[in-house]
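# A structural walkthrough
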Amino acid sequence: MLDCVQGLNIFEVLSQEQIDEIASNAQVINVEAGNILFTPDDLVEVIYILHQGRIKIYKLNEAGRQLTLSYLVPGNIIGEVDIFSMRPRGVFAEVIEDALLCVIDKTYIREIMLKYPDLTERILQLICTKVKDLEDDIYSQALCNTRDKLIKKLIQLANIMDKHEKEEITLKLTHQELAEMIGSTRETVSLTLKALDNSGHISTGHGEVKFKKENLIKIRDSSC
């Protein structure tokens, strides 16, 4: 059970004894691809920490058209924004690659936040980062071209994985999935990825994108 919370960035401010305490109150679950983790009407009673696999977050309109909000990669936490509410989730979460998740009751999370102020600060930082990412997404959708939106999204996903800038990062995402994340078409994203690959900024193939974050940061800083 310890592996469920060991090594996670959110808990690194705690002592080993405190981490052990949280681990004893957590549950590990495996969810196969194709299953729905939760629906819009489900209440937010737990938070999930994604260790392995991928999860798609999306909404459906009355006509059944799907709007993909994000693809979650290992390191993502699901439900932290709603720790202090009991509202319905409002979205679908579909497991698209067999997932290993750490599940922690939201009531317990609130209790330990009162016990450990450092953890409270870290969770608030996490929430603020998510809000900032959403603001960046809105800005990108309104003003940026496909290349710049794609670069910003890849850096955003790399930050979630908590990798150092000089480390090579591998994201298991198809061109279609990336297109849905930035509001573009698969064809346009494929051409953009090919151009970035040819310029040496990234490497693509077999449903993967590989890159070093520092390389993309350099071109992001001169983009929109």
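Residues numbered from 1 in each chain as written. Predicted model: local features only at pLDDT ≥ 70, side-chain atom pairs only at ≥ 80, totals over all residues. Heavy atoms only, no water.

### Section: the environment of F38
- For F38, the position within the fold is in strand β2 (residues 36-38).
- Its relative accessible area of 4% is what places F38 among the buried residues.
- Along the sequence, F38 and D197 sit 159 residues apart, while their C-alpha atoms lie 36 Å from each other. (Helix = DSSP H or I, 4+ residues; strand = E, 2+ residues; numbered from the N terminus. Buried < 20%, exposed > 50% of the residue type's maximum accessible area, 1.4 Å probe, protein only.)

### What about the sheet that holds strand β7 (residues 168-171)?
- Strand order across the open sheet formed by three strands is β7-β9-β8, with antiparallel pairing between neighbours. The two strands at the open ends of the sheet, each matched to only one other strand, are β7 and β8 (202-205). Neighbour-to-neighbour, the strand axes of the sheet open up by a mean angle of 15 degrees, direction not taken into account.
- By the bridge criterion, four bridges tie β8 to strand β9 (residues 208-212) in an arrangement that is antiparallel. The residue of β9 that forms the bridge with G205 is E208. (Pairing = 2+ DSSP bridges. Axes fitted to C-alpha atoms, helices over the stretch in contact; angles between N-to-C directions.)

### Some thoughts on the packing of aromatic side chains
- Here the structure, examined in full by the defined rule, presents two aromatic pairs.
- Ring geometry for F38 versus Y48: centroids 6.2 Å apart, planes at 25 degrees, classification stacked. In this pair, F38 is assigned in strand β2 and Y48 in strand β3 (residues 46-60), connecting sequence segments ten residues apart. Comparing F38 with Y48, the two get one shared label, buried.
- If you follow K56 out to its NZ or CZ, it ends over the ring of Y58, 5.3 Å from the centre. (Phe/Tyr/Trp six-rings, centres within 6.5 Å; stacked < 30°, edge-to-face > 60°. Lys NZ or Arg CZ within 6 Å of the ring centre and 35° of its normal.)

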